[in-house]
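Architecture at a glance
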Amino acid sequence: MKVSYKWLKQYVDIDISPKELADKLTMAGIAVEHVEYLGQGIKGVVVGEVLEVKPHPQADKLVVCQVDLGRETVQIVTGAENVKAKHRIPVAPVGAELPGGMKLRKARLRGLDSFGMMCSAEELGIDEALVDPESRNGILILDPDSPIGEDIKSLLNLDDAILEFELTPNRSDCLSVINIAREIGAILKKPVKLPEIVFQETDEPVENLAFVEVWDQDLCNRYVARVVKNVKLKPSPQWMQHYLRSAGIRPINNVVDISNFVMLEMGQPLHTFDYDTLAEHKIIVRRAAEGEKMFTLDGQERTFSRDVLLICDGEKPVAVAGVMGGLDTEVTDKTCNILIESARFHPVSVRRTSKLLGLRSESSLRFEKGIDVFNTLEAVHRAAQLMADLAEGEIARGVIDVVGAVPEPTVITLREKKVNEILGTSLTISQINGIMEDLRFPTEIGRDEIKVTVPTYRQDISREIDLIEEVARLNGYDQIPVTLPHGVTTEGKRTRYQKLEDLIKKCLVGAGFMEVINYSFISPKDFDKINLPEDSALRNVIAIKNPLSDEQSVMRTTLVPGLLETASRNTNRRNPNFAFFEWGKIFLPREDKLPQEPMMLGGVISGKMERGWNQEAQVLDFFYLKGVLEVIFHRLGIKNWSLKAESFPGFLHPGRAGNIFLGDIYVGFIGEIHPSVQEKYHLENRTYIFQVYLHQIMEAAEEVFKYQPIPKYPAVERDMALLVKESIPAENITQTIWENGENILTGVTLFDVYKGTQIPEGYKSLAYALTFQSKEKTLTDDEVTAVFQKINESLSEKFGVELR
């Protein structure tokens, strides 16, 4: 938001410099990013009138001009192509100065003397994009009524300064020059002079000229219209053009400029229709029909959905509400009668439409932030007044005002004790009330509290704490005393959960994993990609009301899609070797309750680890991933975990997956990704994944780690090779061995699995290394043999196992 310093002075008697004003505004929370001083380095440049233009006798691309400067007529040689007789232009005569330290001297061009230079907009520091097309890439053509000989800085207001504001999102009220002036008045404790809106109306009632109907009042809760007849289109006065240029808006003509001026001044966007082009002289505010089309002011044909709010006449759309007008009803050189629109459109509707159409304007910006519904009437009156003054328009009697539901003014109780408690100050109730009055907030003062009525243009204030912030701003942040914090301090330490989280993550990082963080939003299509059955409980999801896209429209019920997308992204970027883990929540819906949000741990691996100079690259396979889980469970002191090859999700490979249990409690799964899923995610190598519920695992974790001394007595090792049916899991054999090892079996290791010659079909050979050791004595051979025999007999009886 850029505002002219001179413009602000129209409303407040500012007696400090632009730089001082910028500092005071910034200290009050209305940040001024930059102050630009116009016309710096310009001296002696005046208005001249071109009397005569002749070709240069010795140069085809030069012309010789006689220019009247008021006090004298001078000859100037120029190469500008847009200069014609009777044009009034800026002239830098001999002795004048231009930005950059350039001082004009008499020059001789191809044998002829030139006593000065005609100036372009750029040479005067004016953005050429903000001048009329005739003056671009050439000499700046001035208004024909510009006084000859007048100083150009005075004429074009180049003795002004521009304040560039960096507004925070909550202060959209300061997108209005008047509201910035109100802030300045409060800071400087000076009155604010608002424009007096007075005009004459004709006898013709506006109800006989136009009709307005709002079909969708949820998207437009107020629509105000006035009719101004017999306007005369011409350039705006120089002061208005300057104020518009200072805000970055190019002047066009008086009617269009008035609507832009009022938008900047009052913060209320307006739109002007060519009244005679409106079918049936009717305005209808409604949602678009699906696929409805219209040409907008930029000449493009737009296609609309039902979410777009349109302004229509009796036959067709004529504007996109709050965003852009239509081509058919724009104000042109032939326009004679005007219908002025001043409305309040729903911020979300305008924001969605603006984003959908890729159109963003000063008007849509203000509608998106939310405007004051009570300002619409005042703004349309102001526009009508200016059209009468500057375009000789005749204002029809009355106004059309269609009002829906509007908010009641907010009344807040502001307590003296609370203000001083929050700010650490000692302000009296009268001082606090004085600040409210400086802000022009109506008040009712009590003994120790104030009833404050918040003006409707201050939509950022809804609670007592907001008013306390206003007190802090206007009293001065530098007036808040500096105090050291006091109170009882406590020693910070990690919770049990945090300690276990660190331990698990260290185990994973130590095993070569990197942590990833994926979005909690996924697409419903992800469930098809991972082969989930249609009746799977994981398809029961929580849908997002306002998703960014279909790809992020539901909350995840598993970490698997996110991990596989990360794996796919890395594979596509030539990184087929990876080991990732994710620590995050899933979201499981419950009827009439907030969803369950269990914390999960998942991991995915594929490819190989990096090889070293003295070792080969280790393959990242199922057994590597299982080994990582074994390390985690060991470090957590969890011994009763097991893998069971029962039913598991459809995204896992049959026969290469298992469910993870703690005792009889299911806590997750581990396995190889199904080949069809691997193909859908374009994964080059076999990929392995796991996911576990962290709550159950952390509940089972040992909080205290127990250590034991190195045994004094030697261990005895025995190997046993067993002939076992293929259908019997090795886990069952291992568990039976432990159960029968009494108190001297200290280690069971499966070191070989063999199928082939000498092994009957349907059987496998499992080779175990058993370690026996006592804490109290040296074991004898007979003692070990007895336990060994007991284990063998139990295996034979339970599973029909034969000792090889």
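Refer to the structure above for everything that follows.
Summary of the structure given here. Since the model is a prediction, treat every value here as computed from it, not as a measurement.

A look at the state of the cysteines
A full pass over the atoms with the stated rule returns zero disulfides. There is no disulfide at Cys220, and the cysteine sulfur nearest it, in Cys312, is 12 Å away.

Side note on the nonpolar core
Ranked by internal contacts, the top residues of the largest apolar core, which has 54 residues, are Leu8, Ile14, Leu21, Leu163, Ile184, Val262 and Ile340. Once residues within four sequence positions are removed from consideration, Leu21 is found in contact with Tyr5, Leu8, Ile14, Ile16, Leu163 and Ile184. If you look at the next biggest cluster of nonpolar residues, it comprises 40 residues, including Ala210, Met294, Ala321 and Leu339.

Focus on the pattern of salt bridges
Side chains bearing opposite charge may pair, as long as their charged atoms lie close to each other. In the structure shown here, the tally under the stated rule is 49 salt bridges. Of the charged contacts in the structure, one is a salt bridge between Arg171 and Glu183, with a shortest N-O distance of 2.8 Å. Residue Arg171 is located in the loop between β12 (161-165) and α4 (177-188), and its partner Glu183 is located in helix α4; the two are separated by 12 residues in the primary sequence. The closest approach of N and O atoms between Lys316 and Asp313, which form a salt bridge, is 2.7 Å. Lys316 sits in the partly exposed class, given a relative accessible area of 24%. The exposure class of Asp313 is buried, given its relative accessible area of 2%. It is possible to trace a salt-bridge network through shared partners that takes in Arg171, Asp173, Glu183, Arg458, Asp460, Glu470 and Arg473.

A few points about unusual backbone geometry
With a phi close to 55°, Lys189 is a non-glycine residue in the positive phi region. When you line up the elements, Lys189 lands in the loop between α4 and β13 (201-205). What makes Lys189 exposed here is its relative accessible area of 60%.

Some thoughts on the sheet that holds strand β21 (residues 317-320)
Spatially, β14-β17-β20-β21-β22 is the arrangement adopted by the five strands of the open sheet, whose pairing is mixed. Both edges of this open sheet fall to β14 (211-214) and β22 (324-325), since each of them pairs with a single strand only. Two elements, β21 and β22, share two bridges in a ladder whose sense is antiparallel. Residue Ala319 lies in a different strand from β22, and its bridge partner there is Gly325.

Some points on the packing of aromatic side chains
On inspection of all chains with the given rule, the structure shows 11 aromatic pairs. The interplanar angle of 80° and the centroid separation of 6.4 Å between the aromatic rings of Tyr497 and Trp583 together place this pair among those described as edge-to-face. One end of the pair, Tyr497, is in helix α13 (residues 496-510); the other, Trp583, is in strand β32 (residues 578-585), and 86 residues separate them in sequence. Seen from the ring of Tyr681, Lys529 lies directly overhead, with NZ or CZ sitting 4.1 Å from the centre. In this structure, Arg718 is placed above the aromatic ring of Phe788, and the distance from its NZ or CZ to the ring centre is 5.9 Å.

Some words on α13
With 15 residues, α13 extends 21 Å from end C-alpha to end C-alpha; this agrees with the ideal 21 Å at 1.5 Å per step. Among the residues making up α13, those that are buried are Leu500, Glu501, Leu503, Ile504, Lys505, Cys507 and Leu508. Where α13 is buried, its residues touch β29 (514-515), β32, β35 (599-606), α16 (622-635) and α18 (694-700). In the stretch just after α13, Gly512 is the one whose phi turns positive, near 95°.

Describing the side chain of Ser354
Within the secondary structure, Ser354 sits in helix α7 (residues 347-357). In contact with Ser354, not counting residues within four places along its chain, are Val323, Leu359, Arg360, Ser364 and Glu368.

Here we look at the sheet that holds β29
Pairing is mixed across the open sheet formed by seven strands, whose spatial order is β29-β32-β35-β39-β38-β37-β36. Two strands close off the open sheet at either side, each with one partner strand: β29 and β36 (641-644). In the sheet, β35 pairs with strand β39 (residues 687-693) via seven bridges, with the strands oriented antiparallel. Residue pairing for β39: Ile605 is matched across the bridge by Tyr688. Contacts from α13 reach β29, β32 and β35, with the element oriented near 165° to β32.

Some remarks on the pairing of strand β16 (residues 270-274)
Counting buried residues along β16, five of its five residues qualify, which places the element largely inside the surrounding structure. Here β16 shows no split at all, with Leu270, Thr272 and Asp274 on one side and His271 and Phe273 on the other all buried. Pairing of β16 with strand β23 (residues 338-345), which is carried by five bridges, proceeds in the antiparallel orientation. When the bridges of β23 are listed, Leu270 appears paired with Ser342.

Considering α16
The first and last C-alpha atoms of α16 sit 20 Å apart over 14 residues, in line with the 20 Å expected at 1.5 Å per residue. Every buried residue of α16 is accounted for by Phe622, Tyr624, Leu625, Val628, Leu629, Ile632 and Phe633. Its side-chain oxygen at 3.3 Å from the backbone nitrogen of Phe623, Asp621 defines the N-terminal cap of α16. In the stretch just after α16, Gly637 is the one whose phi turns positive, near 75°.

Thoughts on the side chain of Asp466
You can see Asp466 is positioned in helix α12 (residues 464-475). When its relative accessible area of 10% is taken as the criterion, Asp466 is described as buried. Engagement of the side chain of Asp466 in a polar contact is seen with the backbone nitrogen of Arg463, the distance being 3.0 Å. Those residues within four positions of Asp466 in sequence are excluded, and the remaining contacts are Asp460 and Ile461.

Observations regarding the layout of surface pockets
Within this model, the largest pocket holds a volume of roughly 2,400 Å³. Lining of the largest pocket is provided by 48 residues; of these, Lys626, Glu630, Trp641, Ser642 and Glu731 occupy positions nearest its centre. Mapped by element, the contributors of at least two residues to the lining of the largest pocket are α16, β36, β37 (652-662), α19 (730-739), β41 (745-754) and β42 (763-772). Among the elements that line the lining of the largest pocket, the one with the most residues is α16, at eight residues. Of the residues contributing to the lining of the largest pocket, the split by class is 22 nonpolar, 13 polar and 13 charged. Its boundaries defined by the atoms lining it, the second largest pocket holds a volume of some 880 Å³. Lining of the second largest pocket is provided by 34 residues; of these, Val256, Asn260, His271, Leu297 and Gly325 occupy positions nearest its centre. Mapped by element, the contributors of at least two residues to the lining of the second largest pocket are α6 (254-266), β16, β21, β22, β23 and α8 (362-369).

So, how was this worked out
Residues numbered from 1 in each chain as written. Predicted model: local features only at pLDDT ≥ 70, side-chain atom pairs only at ≥ 80, totals over all residues. Heavy atoms only, no water. Disulfide = S-S within 2.5 Å. Core = buried A, V, L, I, M, F, W, Y, C linked by side-chain atoms within 4.5 Å. Buried < 20%, exposed > 50% of the residue type's maximum accessible area, 1.4 Å probe, protein only. Contact = heavy atoms within 4.5 Å. Salt bridge = Lys/Arg side-chain N within 4 Å of Asp/Glu carboxyl O. Helix = DSSP H or I, 4+ residues; strand = E, 2+ residues; numbered from the N terminus. Pairing = 2+ DSSP bridges. Phe/Tyr/Trp six-rings, centres within 6.5 Å; stacked < 30°, edge-to-face > 60°. Lys NZ or Arg CZ within 6 Å of the ring centre and 35° of its normal. Expected span 1.5 Å × (residues − 1). Axes fitted to C-alpha atoms, helices over the stretch in contact; angles between N-to-C directions. Polar contact = N/O pair within 3.5 Å; in protein donor to acceptor, adjacent residues only side chain to side chain. 1 Å grid on protein atoms, 1.4 Å probe; cavity = no way out; pocket = protein on both sides within 12 Å on 5 of 7 lines; lining within 4 Å. Points joined across faces, edges and corners; volume = space filled by probe spheres on them. Nonpolar A, V, L, I, M, F, W, Y, C, P; charged D, E, K, R; others polar.

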